[in-house]
Amino acid sequence: MLFRLILLALAGIYYIAYKVHHRFCLRQGSPLGHARLIVVGSFLAGGAGKTPFVAWLAQFISENGAAGKEGAAGKNGAAPRIAILCHARAQDEAAMLRQKFASMPQVHVIATPNRYRTAHEIDRDYDFIICDDGFEDSRLAGAITIRLDRAGTPQRIADLVPAGKNRSLPRDHEEPAVTLGQGDIRFRIGLIANAGNEPCPAGPIAICGIGDPERFRQDLASYGIEPAGFIARPDHDRRFEQTIMKFLAQGASLVMTEKDFARLPEKWRLHPNVFVAYQEIEVSAPAAEAIRACCGLGA
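Residues numbered from 1 in each chain as written. Predicted model: local features only at pLDDT ≥ 70, side-chain atom pairs only at ≥ 80, totals over all residues. Heavy atoms only, no water.

A. The overall build of the chain, seen in detail. When its secondary structure is counted, the chain shows nine helices and 11 strands. Taken over C-alpha atoms, the radius of gyration comes to 20 Å for the chain, in line with the 19 Å a tight globule of 299 residues would show. Overall size of the chain, expressed as C-alpha extent along the three principal axes, is 60 × 55 × 35 Å. The contacts of the chain with a sequence gap of at least 6 include a subset with a gap of at least 24, amounting to 75%. (Helix = DSSP H or I, 4+ residues; strand = E, 2+ residues; numbered from the N terminus. Rg over C-alpha atoms; globule rule 2.2 N^0.38 Å. Contact = heavy atoms within 4.5 Å.)

Have a look at this one:
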């Protein structure tokens with residue numbers, strides 16, 4: 001009970017600091033003049049599925065978007081030019097997205113400590129700028145916000161970190177253009193394989209450094225994988241490589257998320273005992289139409 005009261009007190013202090021920070025440091029900025037700015041966010045501090053959804057969204061826009069009429073982007077009927085902005089502290093997410101779009105030169109992934117400043121610097125060069133998160137950056141004026149609410153909506157200060165899992169409350173934000181709940185979007189593992197496209201053996205060790213490790217455990221179970229061990233590392237863990245080296249030296253087979261795999265040097269990505277759980281995303285037809293409409297995409 002005492003520990004819970006301490007957490008509640010800390011959540012209250014966090015919320016006061018949050019409000020002060022936004023009032024004095026994150027005042028609303030100016031909108032972009034050319035590119036459509038899209039913010040993909042969530043109340044959750046991590047584990048909402050923002051990065052894989054950003055990958056889906058960039059692909060969706062590439063397939064359905066009309067190139068801009070002004071600036072360096074979209075000339076001569078070319079595919080829309082898309083920039084994805086990740087935070088500089090999330091280099092693993094940027095690496096994963098770069099690998100996904102390596103064959104699509106019209107999609108550029110940029111890691112930046114300041115999404116607002118970078119968006120204005122590159123505004124004329126792109127038709128769409130997608131922020132992987134940025135939900136809490138109130139400087140991003142005029143943005144089309146797509147909010148992932150698979151875990152529900154927080155209602156009280158007790159739902160905020162560290163007492164809960166959320167960073168803010170609905171009253172801290174304007175209504176998003178699109179809200180995606182449990183029935184609108186589905187994440188699942190479509191394939192688990194190593195670099196040689198060999199299937200994962202029974203009883204691997206599962207290891208992840210993501211915002212919601214339990215979701216990875218559940219996804220593995222749904223795929224039919226029962227790990228011999230499960231290791232949860234911190235999100236964006238900087239010692240992830242050292243951790244897997246220890247297990248690979250023992251001859252263990254490891255299964256990990258795409259984001260964790262992307263952060264590894266090539267020699268470990270090619271290791272026959274490193275298996276990747278490739279995620280698939282299904283967006284309902286009504287949700288896809290809502291996204292198409294709010295982003296101004298063609299029918």
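We are not done yet, so read on.
B. Representation of the packing of helix H2 (residues 50-64) against helix H3 (residues 91-100). Closest axis-to-axis distance for the H2/H3 pair is 11 Å, and the angle between their directions is 25°. As judged from the angle between their axes, H2 and H3 are roughly parallel. Classified by chirality, the crossing of H3 by H2 is right-handed. In contact with Thr51, Pro52, Val54 and Ala55 of H2, H3 contributes Glu93, Met96, Leu97 and Lys100. Classifying every residue of the contact of H2 with H3 by side-chain character gives five nonpolar, one polar and two charged. (Axes fitted to C-alpha atoms, helices over the stretch in contact; angles between N-to-C directions. Parallel < 35°, antiparallel > 145°, perpendicular 65-115°, else oblique. Left-handed = near helix turned anticlockwise from the far one by under 90°. Nonpolar A, V, L, I, M, F, W, Y, C, P; charged D, E, K, R; others polar.)

C. Representation of the sheet that holds strand S5 (residues 144-148). Across the sheet, which stays open at both edges, the six strands sit in the order S3-S2-S4-S1-S5-S6 with parallel pairing between neighbours. Looking at strand neighbours, the two that pair on one side only are strand S3 (107-112) and strand S6 (178-180), the edges of this open sheet. Within this sheet the neighbouring strands show an average axis-to-axis angle of 20°, counted without direction. Relative to S3, strand S2 (residues 82-87) is paired through six bridges, and the arrangement is parallel. Within S3, the residue paired with Ala83 across the bridge is His108. Sheet strands touched by H2: strand S1 (36-41), S2, S3, strand S4 (128-132), S5 and S6. Its angle to S4, the strand with the most contacts, is close to 170°. Set on the sheet, H3 makes contact with S2, S3 and S4; between it and S3 the angle comes to about 170°. (Pairing = 2+ DSSP bridges.)

D. Broad picture of the environment of Ala143. When you line up the elements, Ala143 lands in the loop between S4 and S5. For the pair formed by Ala143 and Arg36, sequence separation is 107 residues and the distance between their alpha carbons is 7.5 Å. What Ala143 contacts, discounting residues up to four positions off in sequence, is Leu37 and Val39.

E. Summary view of the side chain of Arg292. Within the secondary structure layout, Arg292 lies in helix H9 (residues 285-294). One polar contact links Arg292 to Glu289, side chain to side chain, over a distance of 3.3 Å. (Polar contact = N/O pair within 3.5 Å; in protein donor to acceptor, adjacent residues only side chain to side chain.)

F. Geometry of helix H6 (residues 240-249). All of the buried residues in H6 are Phe240, Thr243, Ile244, Phe247 and Leu248. For H6, the angular spread of buried residues about the axis comes to 130°, placing them on one side. Summarising the contacts, the buried residues of H6 are in contact with strand S8 (205-208), strand S9 (229-232), strand S10 (254-257), helix H7 (258-262), helix H8 (266-269) and strand S11 (274-283). (Buried < 20%, exposed > 50% of the residue type's maximum accessible area, 1.4 Å probe, protein only. Arc of directions from axis to C-beta.)

G. Representation of the nonpolar core within the structure. Grouped together as the largest cluster of nonpolar side chains are 35 residues, with contacts concentrated most on Ile38, Phe53, Leu57, Ile84, Ile130, Leu180 and Ile291. No other element matches H2, which puts eight residues into this core. In contact with Ile84, other than residues within four places in its own chain, are Val54, Ala58, Leu97, Phe101, Val107, His108, Val109, Ile110 and Ile130. Counting 15 residues, the second largest nonpolar core, distinct from the first, contains Phe43, Leu85, Ile122 and Tyr126. (Core = buried A, V, L, I, M, F, W, Y, C linked by side-chain atoms within 4.5 Å.)

H. Local environment of the state of the cysteines. Per the counting criterion, the structure on display carries zero disulfides. Here Cys131 stays unpaired: no disulfide links it, and the sulfur of Cys86, its closest cysteine neighbor, is 9.3 Å away. Take Cys295: it sits in no disulfide, and the sulfur closest to it among the cysteines is that of Cys294, at 3.9 Å. (Disulfide = S-S within 2.5 Å.)

I. Structural view of a nonpolar patch on the surface. Taken together, the side chains of Leu2, Ile6, Leu10 and Ile13 present a nonpolar region at the surface, about 400 Å² in accessible area. Residue placement: Leu10 occurs in helix H1 (residues 2-24). (Patch = residues over 30% accessible without salt bridge, like charges linked within 9 Å, V, L, I, M, F, W, Y side chains within 5 Å. Areas by Shrake-Rupley, 256 points an atom, 1.4 Å probe, with all protein chains shown as cover. Salt bridge = Lys/Arg side-chain N within 4 Å of Asp/Glu carboxyl O.)

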